[in-house]
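Results of the structural survey
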Amino acid sequence: MLRFPDIVDQVLSYHSHADTETIERAYIFSAQVHDGQVRLSGEPYLSHPLEVANILASMKMDVATIAAGLLHDTVEDTKTTLDEIKSLFGDEIANLVDGVTKISLMSFASKHERQAENIRKMILAMANDIRVILIKLADRLHNMLTLGFQSPEKQRSIAQETLDIYAPLAGRLGMGEKKAQLEDLSFFYLEPEAYKKIKEGIAQNAARMDAYIKEVKAIITTAMEEHGLKCVISGRHKHLYSIHKKMLAQNIYLNQVYDLIAFRLRFETVKECYEALGVVHSLWKPIPGRFKDYIGIPKANMYQSLHTTVVGPYAERMEMQIRTEEMHRVNEQGIAAHWRYKDGKGMTEADGQRFAWLRQLLEWQQEVKDPQEFLDSVRVDLFPEEVYVFTPKGEVKQFPRGATPIDFAYAIHSEVGQHVIGAKVHGRMVPLKYELKNGDMVEVLTSLNQTPSKDWLKIIKTTKARNRIRNWIKSQERQKSVALGKEICEKEFRSHNLSLGKLLKTEELLNVAKELSYVTVEDLLAAVGYGKITARQLVGRLVPKEEPPAKSNVVGALFDKMVKKITKKGKDAVKVKGVDNMLIRHGNCCRPLPGEDIVGFITRGRGVTIHKKGCSSLSYVERDRLIEVTWDLDKGEMFPVQLQVLAQRDKSLLTIIGAALGNSEASVKEADMHATDDNNIIIKLLIEVLDLKHLEEVSNELKRNKKIISVKRIVE
């Protein structure tokens, strides 16, 4: 078993003034509480925390991290409490132990790609101190090194979790060596036959590879010296799992993997790198299309190097990576620097920004003399706008920060959301306004008697929940409006000797509905309930018209006609101060929406036209014809708005826009599109929205898709 003094010596080798007394106290305490416990291998359990601490020391971690490594299983596997750790070792070490314990207690049920990424993000988000992740990775690495003592079923389960979750985390944090170790160990247990074949194939050619590497290094060294270039050369073959992935991806055999061996050439300056590239190309023929200049154009994750593939001695292809020592240090050790390069998957711009500072983390660790100075920089909230929570089955769901159990319920299923009455988090009841936190295990409670409330709209955060609740409320309001419309019509019809019941059995009301641009009789009744039209208007269309008035009443008839011309049939979403039942029109020049300040303009014979305050059309009108108006909302009326959408050319563009408008409950009246000179598409849409806030929601929903470049409102 590893000796404790060996760990202390290793710590003192890179931090001569380290507080080894704290590490020793942690070792003694761990030995006491784990006394009598043994691992499946038969070794004392203490051997595990010792090995974890040793791995952390090899990473040159600080005293608190190594002490936490010695203590990381005490709360989970012994009767020790977190308060006890805090009283003996302080808040810093206790928080590290607590963070590792929380991650260790998680059960990750689903491992498909999206779920694995959510789990990785959740682990990073939960660890507000990055050292928690480093301790957990060291813990997992030693567990993988001793996995052979577990049952075959357990071996596969732990290996798969390591490959899905922990190896990518190591890669994301720039720990390339640890990532390769975890991948190869997982590969050994998950696909032992494939592992064995590749390892044996490499071993059979090991002597030839070593000789080949030695020969190539000698040729390069001589050539560089002739050109006055001093460089450090290293040759390597890829680790086994990366070879396996390449074989699967390209459907080839081991002897067909042409770039098993790669050489890295390191220089002091960028100028020397480009000179060395010329030397390499003069030695061996470069393969067309295989040159990449990541120095001139760095990758999004700041990776820098010159890559070229050449036909080397014996017609074997060789990959050459040429970089400065500084680039090599950042590429190899900078946290997250190899994420995109190795995984073959790009980071989003937001992810890149989140991890930008992490690329410097290991550099800082090597540069600062006082570990505490370094540690002050490593406490972070990596995903401030997201939370990741568990379903009872162990699946991870992602939500915006501030999301509630209502959002969670709708994410499970719309029916669950419609009937949610409460929730349990880690088995304890919480109110519906509870804000979900990273790592919460949420269970939804439902009742068939429960229905959505308008108040829910004030606390939810997800678009899905908002749309479902609004649709339900709208359907309920429509039902009430239809019932109210029936009641109003029945009273009005009776006073004119008409029977609504009988009319519903004929097509008379349907014909009236179509005349008024409604599709069904129910739509017509709903309009009466909403106040858009009156029952008296319906009676006027159902009862035969009276004879024209006598000549003596011509003046009166003309007056009535003029009144009808400037008065509106029904109600509008705008009230004119001091005047009732005025004909209202909305200016096409500015198309005002509820939520915007408005003013009325009294026209000659055409009622009042509504404009936005400050509309340019009002600059040329008589000021004494302006009148005060206000919005009279809660009518459910939709308003036209013109939008101009600039988007990237894409076959699914109309589908994307249609889905966005559907999600935000906006209807399209007209659409026109044409291509631009720079291969983009401009789409002009005439849509209908409820108000200014609804328009903002539509715009945000459109902008959510990466294909959409910009969205702006336009007026005639």
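Below is a summary of the structure that appears in this document. (Residues numbered from 1 in each chain as written. Predicted model: local features only at pLDDT ≥ 70, side-chain atom pairs only at ≥ 80, totals over all residues. Heavy atoms only, no water.)

**Comments concerning the overall build of the protein chain**
Tallying secondary structure elements over the protein chain gives 30 helices and 21 strands in all. Put simply, the protein chain has 716 residues, and 47% of those count as buried. Within the protein chain, counting contacts between residues at least 6 apart in sequence, those at least 24 apart form 66% of the total. Total accessible area computed for the protein chain in this model is approximately 37500 Å², and 51% of it derives from carbon and sulfur atoms. (Helix = DSSP H or I, 4+ residues; strand = E, 2+ residues; numbered from the N terminus. Buried < 20%, exposed > 50% of the residue type's maximum accessible area, 1.4 Å probe, protein only. Contact = heavy atoms within 4.5 Å. Areas by Shrake-Rupley, 256 points an atom, 1.4 Å probe, with all protein chains shown as cover.)

**What to know about the nonpolar core**
Formed by 96 residues in total, the largest nonpolar core has its most connected members in L137, M224, F263, L265, F267, M320 and I322. Those residues in contact with F267, other than ones at most four positions away along the chain, are M224, L229, K230, C231, E272, C273, A276, I322, R323, T324 and E325. Listed in part, the 29 residues of the second largest apolar core include I610, I627, I687 and I708. (Core = buried A, V, L, I, M, F, W, Y, C linked by side-chain atoms within 4.5 Å.)

**Some points on the packing of aromatic side chains**
On inspection of all chains with the given rule, the structure shows nine aromatic pairs. On the numbers, 4.9 Å between centres and 85° between planes, the contact of F188 with Y189 is edge-to-face. The exposure class of F188 is partly exposed, given its relative accessible area of 38%. Ring-pair connections join several aromatic residues into one group, and the members of that group are F187, F188, Y189, Y195 and Y241. (Phe/Tyr/Trp six-rings, centres within 6.5 Å; stacked < 30°, edge-to-face > 60°.)

**As for the sheet that holds strand β19 (residues 667-675)**
With respect to topology, four strands assemble into an open sheet ordered β19-β20-β18-β21, the strand pairing being antiparallel. Since the sheet does not close on itself, it has two edges, and those belong to β19 and β21 (708-714), each with one partner. Taking each pair of neighbouring strands and ignoring which way they run, the sheet shows an average axis angle of 20°. Bridge count between strand β18 (residues 639-648) and β21: six bridges; the pairing is antiparallel. (Pairing = 2+ DSSP bridges. Axes fitted to C-alpha atoms, helices over the stretch in contact; angles between N-to-C directions.)

**Considerations on the sheet that holds strand β16 (residues 626-627)**
The strand order β13-β15-β14-β16 describes an open sheet built from four strands, whose pairing is mixed. The sheet is open, and its two borders are formed by β13 (584-586) and β16, each paired with just one other strand. Pairing of strand β14 (residues 598-602) with strand β15 (residues 608-612) involves five bridges; the strand directions are antiparallel. Residue V599 lies in a different strand from β15, and its bridge partner there is H611.

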